[in-house]
Amino acid sequence: MLHQIAFRKLGRDSAHRQSMFRNMVTQLVKHERILTTLPKAKELRPVAEKMITKAKKNTDASRKEIFAYINDRDAAHKMTTELAERFKDRHGGYTRIVKAGLRDNDTAPLAFIEYLGHPKELGPRIRKSPKTYDETTTLQELGLSPNYASHKGAITQLAQDAKAKARAIRAAAAPAAPKLKPKKEQKQQQLPSTAQKTSKPTAPAT
């Protein structure tokens, strides 16, 4: 049984990790969207959503916890007023994570994390796509939101179409391979018939 793997350590000790989450939550509340690595975004999501849950309680104890955790007083005030009012009728699921490709220098997976209801939120995929497209098709033509930076399904489909086109070109340029006979026919041609095997030479008559 595996133990002590409840969450990602992110290459930091507990004090450093908690300090990093406090700074990230503060920036997320101020800007409502931040760009970070995908593992950090996944670990930040429960922390950011618990802050919303505490803000919705609207008690003295919950407000003290929020002001003690968030480093900026303006951001803490925004959490207890604007964000708590925005999500008062929503039961969980206050954030969205959107993959944003790979980082240039070390190819680390990046992702946006944002609170729902952001004025320029990336938004879900629009359920509409053309029947045919190629590498020059824009995201708007694919039926994606204009603010949606990239979409995994659309990019994967474009890559698959490009590979299929390349295979078709190689198949058309390659010479036709000679047709081989089935193995059974080859064996029958190589082996003598049963009549030849069983026939014995007869002795000459005296």
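Residues numbered from 1 in each chain as written. Predicted model: local features only at pLDDT ≥ 70, side-chain atom pairs only at ≥ 80, totals over all residues. Heavy atoms only, no water.

## What about the overall build of the protein?
- The number of helices and strands found in the protein is seven helices and three strands.
- N-terminal to C-terminal, the α/β element order of the protein is α-β-α-α-α-β-β-α-α-α.
- Across the 206 residues of the protein, 29% fall into the buried class.
- By sequence separation, contacts in the protein at least 24 residues apart represent 58% of the contacts at least 6 residues apart. (Helix = DSSP H or I, 4+ residues; strand = E, 2+ residues; numbered from the N terminus. Buried < 20%, exposed > 50% of the residue type's maximum accessible area, 1.4 Å probe, protein only. Contact = heavy atoms within 4.5 Å.)

## Examining the layout of surface pockets
- A volume near 220 Å³ is recorded for the second largest pocket.
- If you go around the second largest pocket, the residues you meet are Phe7, Arg8, Arg17, Gln18, Phe21, Glu43, Pro46, Val47, Lys50, Met51, Lys54 and Tyr69.
- For the lining of the second largest pocket, the leading source of residues is helix α2 (residues 38-57), giving six residues. (1 Å grid on protein atoms, 1.4 Å probe; cavity = no way out; pocket = protein on both sides within 12 Å on 5 of 7 lines; lining within 4 Å. Points joined across faces, edges and corners; volume = space filled by probe spheres on them.)

## So, the packing of aromatic side chains
- Per the counting criterion, the structure on display carries two aromatic pairs.
- On the basis of an interplanar angle of 55 degrees and a centroid distance of 5.1 Å, the ring pair of phenylalanine 87 and tyrosine 94 is categorised as tilted. Accessibility classification places phenylalanine 87 together with tyrosine 94 in one group, the buried group.
- Ring plane angle 50 degrees and centroid distance 6.2 Å describe the contact between phenylalanine 87 and tyrosine 115, whose orientation is recorded as tilted. Within this pair, whereas phenylalanine 87 is found in the loop between α4 (73-86) and β2 (95-102), its partner tyrosine 115 is found in strand β3 (residues 109-115), the two being separated by 28 residues in sequence. This pair shows no difference in class: phenylalanine 87 is buried, exactly as tyrosine 115 is.
- In this structure an aromatic cluster arises from ring pairing among Phe87, Tyr94 and Tyr115. (Phe/Tyr/Trp six-rings, centres within 6.5 Å; stacked < 30°, edge-to-face > 60°.)

## Comments concerning the nonpolar core
- If you look at the biggest cluster of nonpolar residues, it comprises 30 residues, and the most contacted ones within it are Phe21, Val25, Val29, Leu44, Ile70, Met79 and Tyr115.
- Every element with two or more residues in this core is listed here: α1 (14-31), α2, α3 (60-69), α4 and β3.
- Contacts of isoleucine 70, omitting those with residues within four sequence positions, involve Val25, Thr26, Val29, Ala75, Ala76 and Met79. (Core = buried A, V, L, I, M, F, W, Y, C linked by side-chain atoms within 4.5 Å.)

## Some words on the environment of lysine 88
- In this fold, lysine 88 is placed in the loop between α4 and β2.
- For lysine 88, a relative accessible area of 47% gives the class partly exposed.
- In the structure, lysine 88 is positioned 33 residues away from alanine 55 in sequence and 9.5 Å away in space, judged by C-alpha atoms.
- Side-chain polar atoms of lysine 88 contact the side chain of glutamate 85, separated by 2.9 Å. (Polar contact = N/O pair within 3.5 Å; in protein donor to acceptor, adjacent residues only side chain to side chain.)

## Here we look at unusual backbone geometry
- Located in the positive-phi region is asparagine 58, a residue other than glycine, with phi close to 60 degrees.
- When you line up the elements, asparagine 58 lands in the loop between α2 and α3.
- Exposure remark for asparagine 58: the relative accessible area of 52% places this residue in the exposed category.
- Backbone geometry places threonine 107, a non-glycine residue, at a positive phi of 55 degrees.

## Some points on α1
- In this model, α1 (18 residues) spans 26 Å end to end at C-alpha, consistent with the 26 Å of a helix rising 1.5 Å per residue.
- Contacts made by the buried residues of α1 are with β1 (33-37), α2, α3, α4 and β3.
- Of the residues flanking the end of α1, it is glutamate 32, one or two places downstream, whose phi is positive at about 65 degrees. (Expected span 1.5 Å × (residues − 1).)

Nothing here speaks to function; it is geometry throughout.
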